[in-house]
Amino acid sequence: MKGWGLLVFSLHVISCLVSGVSSGRTSSYVRTEFPSRDIPLESEWFAIPKGYNAPQQVHITQGDYDGKAVIVSWVTPEEPGPSEVFYGKKEKQYDQKAEGTTTNYTFYDYKSGYIHHCLVDGLEYNTKYYYKIGSGDSAREFWFETPPAIDPDASYTFGIIGDLGQTFNSLSTLQHYEKTGGQTVLFVGDLSYADRYEHDDGIRWDSWGRLVERSTAYQPWIWNAGNHEIEYRPDLGETSTFKPYLHRYMTPYLASKSSSPMWYAVRRASAHIIVLSSYSPFVKYTPQWWWLKNEFKRVDREKTPWLIVLMHSPMYNSNEAHYMEGESMRAAFEKWFVKYKVDLVFAGHVHAYERSYRISNVNYNITSGNRYPVPDKSAPVYITVGDGGNQEGLASRFNDPQPDYSAFREASYGHSILQLKNRTHAVYRWNRNDDGNNVPADTVVFHNQYWTSSTRRRRLKKNHFHLENLEDLISLF
Ligand code: ZN
Ligand code: FE
């Protein structure tokens with residue numbers, strides 16, 4: 001931005017700061033037509049790896065509370081085969097071995113392959129590990145990097161992806177994400193959209209696993225289930241919930257004292273990440289409610305300053321799609337988000353992008369006049385990134401006028417990147433898939449909600465990273 005543009009923008013910033021009022025923006029960007037249909041099953045993007053019973057759909061996730069373990073998962077189609085991971089710090093030199101378990105399931109007329117889950121623990125921080133699964137000619141090799149040790153100033157880059165599906169838009173999102181240097185994906189629910197197929201449900205779970213392997217085999221994806229994972233189909237004789245999801249995708253829930261794989265927490269580098277389940281009971285006195293109450297007490301901002309919450313259904317959403325669906329969880333949990341000064345809440349579900357200002361509605365009372373969200377410095381910023389690119393297409397109808405709490409919104413496919421720089425600053429970007437190009441369309445510098453409060457700021461030495469530019473100003477409003 002140069003010349004007049006800069007001046008006009010600066011004046012806008014200044015006027016916002018003076019008046020304390022800011023206006024949100026609805027992006028006028030309209031993308032040209034780009035197919036939003038599922039990639040055909042015979043496509044090379046779903047290619048089955050060569051060799052008899054070769055492991056496929058390889059994915060890893062964090063395996064413990066602090067990032068010194070991973071869970072490696074994969075599927076063997078013909079027979080169980082060994083459930084072993086050979087690994088080591090040098091390529092082709094696998095001097096260590098971990099053993100896991102095998103499971104399978106049926107769903108209506110589909111019978112799954114053999115699903116392996118193997119915990120690899122006792123890893124060193126900041127280390128590249130190579131690993132091998134499968135045997136003989138069918139063996140496959142991959143690698144991953146462990147995060148830095150838990151430290152308030154550890155820098156780390158997360159990608160945020162939601163509602164991915166398996167269309168050409170999904171592929172585009174993946175390809176763009178891979179270029180960003182993101183080290184771990186925070187996934188906000190709705191994985192494969194396989195539930196849209198009656199007979200091919202399991203087949204579409206398998207194809208999705210093969211599509212995303214290009215990323216999931218090499219870095220952890222922190223999983224969170226969406227409504228498309230529920231798969232409650234009494235008409236097909238399937239009455240348990242989350243059946244394919246729970247068989248295929250593991251979470252390290254026991255490490256955070258959770259009683260269910262649906263909600264849990266992990267700590268990674270300088271972040272404490274809490275995963276909530278929009279589709280499990282969460283009202284007062286339910287297991288998820290008790291767990292969250294206790295997990296917030298375990299958060300230590302001196303060690304992990306960045307407090308991030310993931311859920312599927314957004315609490316603040318000004319799109320006509322799924323409007324108010326997150327309201328019941330807001331009523332249950334928003335008070336704690338404000339009390340514990342959560343930095344960021346990421347959600348999916350709405351197939352568009354939206355970012356809020358720091359606002360809360362904790363004074364809402366059914367009989368009083370207080371029912372509108374108000375600016376609140378202790379409140380998180382709410383970000384909806386349900387725009388991974390699934391076959392349901394975009395949610396392009398926003399409420400008009402744009403509510404005061406909504407800072408920016410746009411109906412395009414894309415993903416976000418969150419770069420934690422140190423204990424005080426993080427650079428955040430939402431990248432739009434601009435018909436094949438990766439375009440940063442929303443950039444914000446976030447100040448940590450714990451370390452940038454005035455008393456703690458004084459404790460920080462001057463030599464800490466500091467931004468004195470326009471982006472710094474942007475983050476103030
Ligand atoms: Zn959804
Ligand atoms: Fe969705």
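This one's a predicted model, so the numbers in the text were calculated from it and none came from an experiment.

Colleague: How do you make sense of empty space enclosed by the protein when you look at a structure like this?
Modeller: Once rolled over the atoms, a probe with the size of a water molecule shows which space is left empty. One pass over the structure, following the stated rule, counts 2 cavities of 30 Å³ or more. Considering only enclosed or pocket space, the largest cavity measures out at about 40 Å³ in volume. As for the largest cavity, its lining consists of M311, P314, M315, Y316, V345, A347, Y382, I383 and T384. Taken together, the elements giving at least two residues each to the lining of the largest cavity come down to β18 (344–347) and β22 (381–385). Among the elements that make up the lining of the largest cavity, the one with the highest residue count is β22 (3 residues). Among the residues making up the lining of the largest cavity, the classes are represented as 8 nonpolar, 1 polar and no charged. Space inside the second largest cavity adds up to approximately 30 Å³. What lines the second largest cavity is simply F107, D195, Y197, E198, D201, E231, R233 and L236. For the lining of the second largest cavity, the class distribution of residues is 3 nonpolar, no polar and 5 charged.

Colleague: What should I look at first to understand the coordination of the zinc ion (ligand 1) in this one?
Modeller: Looking at the zinc ion (ligand 1), one finds its protein donor set to be D190 (OD), N227 (OD1), H312 (NE2) and H349 (ND1), positioned 2.1 to 2.2 Å from the metal centre. Around the zinc ion (ligand 1), the 4 donor atoms are arranged such that angles at the metal cover 90 to 163 degrees; this shape is classified as irregular. Here the zinc ion (ligand 1) and the iron ion (ligand 2) are spaced 3.0 Å apart, linked through D190, which binds each one. One end of the pair, D190, is in the loop between β13 (184–187) and α3 (201–216); the other, H349, is in the loop between β18 and β19 (353–356), and 159 residues separate them in sequence. The exposure classification of D190 matches that of H349, with both residues buried.

Colleague: In this structure, what is going on with the coordination of the iron ion (ligand 2)? I would like to understand it.
Modeller: For a metal bound by four donors in tetrahedral geometry, the ideal donor-metal-donor angle is 109.5 degrees, whereas six donors in octahedral geometry ideally sit at 90 or 180 degrees. Protein coordination at the iron ion (ligand 2): the donors are D163 (OD), D190 (OD), Y193 (OH) and H351 (NE2), at 2.1 to 2.4 Å from the metal. Around the iron ion (ligand 2) sit 4 donor atoms, and with donor-metal-donor angles ranging over 87 to 175 degrees the site reads as irregular. Site description for the iron ion (ligand 2): donor spacing in sequence, D-x26-D-x2-Y-x157-H. Residue classification places D163 among the buried positions, given a relative accessible area of 0%. Exposure remark for H351: the relative accessible area of 8% places this residue in the buried category.

What counts, and at which threshold
- Residues numbered from 1 in each chain as written.
- Chains lettered and ligands numbered in written order.
- Predicted model: local features only at pLDDT ≥ 70, side-chain atom pairs only at ≥ 80, totals over all residues.
- Heavy atoms only, no water.
- 1 Å grid on protein atoms, 1.4 Å probe; cavity = no way out; pocket = protein on both sides within 12 Å on 5 of 7 lines; lining within 4 Å.
- Points joined across faces, edges and corners; volume = space filled by probe spheres on them.
- Helix = DSSP H or I, 4+ residues; strand = E, 2+ residues; numbered from the N terminus.
- Nonpolar A, V, L, I, M, F, W, Y, C, P; charged D, E, K, R; others polar.
- Donors = N, O, S within 2.8 Å, 3.2 Å for Na, K, Ca; no water.
- Tetrahedral: all angles 85-135°; square planar, octahedral: opposite > 155°, others 65-115°.
- Buried < 20%, exposed > 50% of the residue type's maximum accessible area, 1.4 Å probe, protein only.

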